[in-house]
Amino acid sequence: MADLKDFAEQLVNLTVKEVNELATILKDEYGIEPAAAAAVAVAGPAAGGGDAAEEKTEFDVILKAAGGSKLAVVKLVKELTGLGLKEAKGLVDEAPSPIKEGVAKDEAEALKASLEEAGAEVELK
């Protein structure tokens, strides 16, 4: 049992480079896909005491208010979401409302910047 605890401690303390090397070895020599190894690597530090905070990878872009230029915001929401004009206007009128959910950090920040440039008040969650 002590050997397993030592092994678990070694896994938890792997660097990113070492995790990548481990994933390559598991794939090449044992036929285990890297996604399975990545799940172990992600789950490992969280079990190691909770000190490492998980970095959020998915964000919701929430329109809090249309601001002074409501028409520009409606047009931009229509363009960004692919909705029709009526649906986009409905989203803007019902603010606070989600514009996009579960998007990557870069995309969420770009959407927020675009909407704020058009005069909207936006929040990322």
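Basis of the calculations
Residues numbered from 1 in each chain as written. Predicted model: local features only at pLDDT ≥ 70, side-chain atom pairs only at ≥ 80, totals over all residues. Heavy atoms only, no water. Helix = DSSP H or I, 4+ residues; strand = E, 2+ residues; numbered from the N terminus. Buried < 20%, exposed > 50% of the residue type's maximum accessible area, 1.4 Å probe, protein only. Contact = heavy atoms within 4.5 Å. Areas by Shrake-Rupley, 256 points an atom, 1.4 Å probe, with all protein chains shown as cover. Polar contact = N/O pair within 3.5 Å; in protein donor to acceptor, adjacent residues only side chain to side chain. Salt bridge = Lys/Arg side-chain N within 4 Å of Asp/Glu carboxyl O. Core = buried A, V, L, I, M, F, W, Y, C linked by side-chain atoms within 4.5 Å. Axes fitted to C-alpha atoms, helices over the stretch in contact; angles between N-to-C directions. Parallel < 35°, antiparallel > 145°, perpendicular 65-115°, else oblique. Left-handed = near helix turned anticlockwise from the far one by under 90°. Nonpolar A, V, L, I, M, F, W, Y, C, P; charged D, E, K, R; others polar. Pairing = 2+ DSSP bridges.

## Some details on the overall build of the protein
So, point 1. The helix and strand tally for the protein stands at 6 helices and 3 strands.
So, point 2. Secondary structure of the protein in N-to-C order comes out as α-α-α-β-α-α-β-α-β.
So, point 3. Relative to its 125 residues, the protein shows a buried fraction of 22%.
So, point 4. In the protein, 64% of the contacts between residues at least 6 apart in sequence involve partners at least 24 apart.
So, point 5. Summed over all atoms, the accessible surface of the protein reaches about 8600 Å², with 54% contributed by carbon and sulfur.

## Let's talk about the side chain of S97
So, point 1. Along the chain, S97 turns up in strand 2 (residues 97-103).
So, point 2. By relative accessible area, which is 5% here, S97 ends up buried.
So, point 3. A distance of 2.7 Å separates a polar atom in the side chain of S97 from the backbone oxygen of L91.

## Structural notes on the pattern of salt bridges
So, point 1. As enumerated under the stated definition, the model contains 5 salt bridges in all.
So, point 2. With its nearest N and O atoms 2.7 Å apart, the salt bridge here joins K89 to D93. Separated by 4 residues within a single helix, K89 and D93 lie in helix 5 (residues 85-93), roughly one turn from each other.
So, point 3. Several salt bridges share partner residues, and in doing so they unite K70, K89 and D93 into one network.

## Some thoughts on the nonpolar core
Here is a general trend for soluble globular proteins: nonpolar side chains tend to be buried in one another's company.
So, point 1. Grouped together as the largest cluster of nonpolar side chains are 19 residues, with contacts concentrated most on V61, L63, V73, V77, V92, I99 and L115.
So, point 2. At the level of elements, strand 1 (59-65), helix 4 (70-81), helix 5, strand 2 and helix 6 (105-117) are the ones that each hand at least two residues to this core.
So, point 3. Considering each element in turn, this core owes the most residues, 4 residues, to helix 4.
So, point 4. Setting aside anything within four residues of it in sequence, one finds I99 in contact with V61, L63, V77, T81, L91 and L115.

## Topic: the packing of helix 4 against helix 5
So, point 1. Running from N to C, helix 4 and helix 5 cross one another at 120°; their axes reach a closest spacing of 8 Å. With respect to helix 5, the axis of helix 4 lies oblique. Seen along the crossing, helix 4 lies across helix 5 with a hand that is right-handed. For the pair formed by helix 4 and helix 5, the contact residues are K70, V73, V74, V77 and K78 on the first element and L85, A88, K89, L91, V92 and D93 on the second.
So, point 2. Of the residues contributing to the contact of helix 4 with helix 5, the split by class is 7 nonpolar, no polar and 4 charged.

## A short note on the sheet that holds strand 3 (residues 121-124)
So, point 1. Across the sheet, 3 strands lie side by side as 2-1-3; this open sheet has antiparallel pairing. Every interior strand has two partners, whereas the edge strands, strand 2 and strand 3, have only one. Going from strand to strand, the sheet's axes swing by 20° on average, the running direction of each strand aside.

## Overview of the packing of helix 4 against helix 6
So, point 1. It is the contact of helix 4 with helix 6, at a shortest axis distance of 9 Å, that shows an interaxial angle of 160°. Looking at the two axes, helix 4 sits roughly antiparallel to helix 6. Once helix 4 is placed against helix 6, the crossing between them reads as right-handed. Taking contact as the criterion, the partners of L76, V77 and L80 in helix 4 are, on helix 6, L111, S114 and L115.
So, point 2. Here the residues of the contact of helix 4 with helix 6 sort into 5 nonpolar, 1 polar and no charged.

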